[in-house]
Amino acid sequence: MTEPLVLTDIEAAAARLAGQVLDTPCVESKTLGQIVGCQVFLKFENLQFTASFKERGALNKLAALVESGVPIKGVIAASAGNHAQGVAYHAQRLGLRAVIVMPQHTPTVKVERTRGFGAEVVLTGDSFDEARDHAFALAEAQGLTFVHPFDDPLVIAGQGTIGLEMLLAQPQLDTLVIAVGGGGLVSGIATAVRALKPGVEIIGVQTSRFPAMVNAIKGTTYPQGSSTIAEGIAVGQPGRITREIVRERVDDLVLVEEGDIEQAVLMLLEIEKTVVEGAGAAGLAALLKDPARFAGRRVGLVLCGGNIDPLLLAAIIERGMVRAGRLARIRVAARDTPGVLARITAVVADAGANIDEVHHQRAFSTLPAQSVEVELVLQTRNPAHVQAVIAALASAGFDARAY
């Protein structure tokens, strides 16, 4: 980038995107605000057609290429996620050939969805880095234009249109908390907001398992992990362009843990009735981790994507129910006599709990041979209810404990 990204670049992107992507709602969540102690405003980018903000940057890049009048043989991108779908969908709309290079072990559902948008999918390599290197080679060999997921001024400007929309919808915002992977989203938003309302505090959020931007900006040496439920921001190396914009225009960067992200995903599902992926919940995770920092403020969050694997979402829901005491596992020891299981389940029912699973252990137990161990998974109301069930079992003469 020979010249710094400025507001006019983002306004030009907004003109290109007008009518082509959703101006998604940016509304207050009073319930979340009451929980974290500040006003919370949510920008629902998970409502975009590809369920991610990524199509803004992809479309701005592709539309600018078409506007330039220079003949285009096609575009190519390396991605196993939201960027792939954004490029594929808008390339199809603009009549451009699109090639998407994905690691060979990319889940089939992502491959087929990308193909469904008309892209040619090339599966190669065991990692994103290998797929990206192959994409560079194909771009060179076939004369294709590479569309970077974040380190491109046009892509960054496209993402920055979110900042314009948020300030227009909620001009009273004084803080923005934005997920950071490679840095395209926060760079674009920060550029727009710094020009329009310089006093807004802008905070970037990374998962502690992928702290690349934090390390680059703060000079820290936090170790890099290998996996995270926020795979959308699992970037090993921040962009060259985005790093400089973040250093200049973002006030702070914070880290959140996997448990914070899990809790945020579940809260958004339960309270807002909206599905977000791990990266999309990173902003709320930062509020949950350190509510005192944001107390009394008017905070804008971007729910930047909703493409979460259903099995992962199911696991997050179950784990959240365990933490809330709404799903409990109890082990009951008793004499192995006829009707003992019926007596145990009757006590549980009388205590108001519902049985999800029963495991009746004889062989795999350290109890005496005349005894039996019954493992129960129960639906309960809260931790106090779990203890009430255990107390009821004890009153009935059973040795019961949660584990």
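Scope of this entry: the structure provided in the associated data block.

1. Details of the pattern of salt bridges
The full count for this structure, using the stated rule, is 25 salt bridges. Of the charged contacts in the structure, one is a salt bridge between E375 and R331, with a shortest N-O distance of 3.6 Å. Taken together, the residues span a long stretch of sequence, with E375 in strand β13 (residues 371-379) and R331 in strand β11 (residues 327-335) at a distance of 44 residues. The class for E375 is buried, based on a relative accessible area of 15%.

2. Comments concerning the pairing of β13
Summarising burial for β13: eight of the nine residues are buried, a large majority. Relative to β13, β11 runs antiparallel, the two being bridged by nine bridges. When the sheet's bridge partners are listed, I330 is paired in β13 with L376. Direction of pairing for strand β12 (residues 354-361) relative to β13: antiparallel, over a ladder of seven bridges.

3. Description of the packing of helix α11 (residues 258-271) against helix α12 (residues 282-289)
Where α11 contacts α12, the axes come no closer than 8 Å and their chain directions differ by 110°. With respect to α12, the axis of α11 lies roughly perpendicular. Of the two elements, α11 crosses α12, and the hand of that crossing is right-handed. Contacts from D260, I261, Q263, A264, M267 and L268 in α11 reach L284, A285, L288 and K289 in α12. Class assignment for the residues of the contact of α11 with α12 results in seven nonpolar, one polar and two charged.

4. Here's the deal with the side chain of S52
Looking at where S52 falls in the secondary structure, it is placed in the loop between β2 (39-43) and α3 (54-68). Separated by 3.0 Å, the side chain of S52 and the backbone nitrogen of K54 make a polar contact. Setting aside residues no more than four positions away along its own chain, S52 makes contact with E45, N82, C304, G305 and N307.

5. Concerning the nonpolar core
The biggest cluster of nonpolar side chains holds 61 residues, and the ones touching the most others in it are L284 and L287. By size, the runner-up hydrophobic cluster in this structure holds 20 residues, among which are V75, A77, V87 and M102.

6. Things to note about α11
For α11, which comprises 14 residues, the first-to-last C-alpha distance of 20 Å matches the rise-based estimate of 20 Å (1.5 Å per residue) to within 8%. For α11, every residue scored as buried is listed here: E258, D260, I261, E262, A264, V265, L266, M267 and L268. Where α11 is buried, its residues contact α2 (30-36), β2, β8 (201-207), β9 (252-256), α12 and α14 (310-323). Just past α11, the residue K273 takes up positive phi, approximately 55°.

7. Some details on unusual backbone geometry
The phi torsion at A51 lies on the positive side, around 65°, for a residue other than glycine. Secondary-structure assignment places A51 in the loop between β2 and α3. For A51, a relative accessible area of 13% corresponds to the buried category. In this model, K273 sits at a positive phi of 55°, which is unusual for a non-glycine residue. Within the secondary structure layout, K273 lies in the loop between α11 and α12.

8. Examining the packing of α3 against helix α4 (residues 82-94)
The description of two packed helices rests on the angle between their axes and on the distance between the axes. Packing of α3 against α4 leaves a shortest axis separation of 8 Å and a crossing angle of 40°. On the basis of their axis angle, the class for α3 and α4 is oblique. As α3 packs across α4, the resulting crossing turns out to be right-handed. Together, K54, E55, A58, L59, L62, A63 and V66 of α3 and N82, H83, G86, V87, Y89, H90, A91, R93 and L94 of α4 make up the contact between the two elements.

9. Some remarks on the packing of aromatic side chains
Centre-to-centre distance and the angle between the planes together describe a pair of aromatic rings. Applying the stated criterion across every chain yields a total of four aromatic pairs. For the pair Y89 and F117, a centre-to-centre distance of 5.4 Å together with 55° between the ring planes defines the contact as tilted. Here F117 lies in the loop between α5 (108-116) and β5 (120-123) and Y89 lies in helix α4, a separation of 28 residues in the sequence. Residue classification places F117 among the buried residues on the basis of a relative accessible area of 8%. Among the aromatic residues, those joined into a ring-pair cluster are F49, Y89 and F117. R331 extends its terminal NZ or CZ atom over the ring of Y403, reaching a point 3.9 Å from the ring centre.

10. Focus: the pairing of strand β10 (residues 298-302)
The element β10 is largely enclosed, with a buried count of four among its five residues. Judged from the five bridges that link them, β2 and β10 form a sheet pairing that is parallel. Note that in β10 the partner of V40 across the bridge is V299.

11. Considering helix α10 (residues 240-249)
It helps to recall that an α-helix has 3.6 residues per turn; residues three or four apart then point in one direction. Among the residues of α10, I241, T242, I245, V246 and R249 are the ones counted as buried. End-on view of α10: buried residues confined to an arc of 125°, all on one side of the axis. Along α10, exposed side chains directed more than 90 degrees from the buried face belong to R240 and E248. Buried residues along α10 sit in contact with α7 (153-169), α8 (184-196), β8, α9 (212-218) and β9.

The rules behind the values
Residues numbered from 1 in each chain as written. Predicted model: local features only at pLDDT ≥ 70, side-chain atom pairs only at ≥ 80, totals over all residues. Heavy atoms only, no water. Salt bridge = Lys/Arg side-chain N within 4 Å of Asp/Glu carboxyl O. Helix = DSSP H or I, 4+ residues; strand = E, 2+ residues; numbered from the N terminus. Buried < 20%, exposed > 50% of the residue type's maximum accessible area, 1.4 Å probe, protein only. Pairing = 2+ DSSP bridges. Axes fitted to C-alpha atoms, helices over the stretch in contact; angles between N-to-C directions. Parallel < 35°, antiparallel > 145°, perpendicular 65-115°, else oblique. Left-handed = near helix turned anticlockwise from the far one by under 90°. Contact = heavy atoms within 4.5 Å. Nonpolar A, V, L, I, M, F, W, Y, C, P; charged D, E, K, R; others polar. Polar contact = N/O pair within 3.5 Å; in protein donor to acceptor, adjacent residues only side chain to side chain. Core = buried A, V, L, I, M, F, W, Y, C linked by side-chain atoms within 4.5 Å. Expected span 1.5 Å × (residues − 1). Phe/Tyr/Trp six-rings, centres within 6.5 Å; stacked < 30°, edge-to-face > 60°. Lys NZ or Arg CZ within 6 Å of the ring centre and 35° of its normal. Arc of directions from axis to C-beta.

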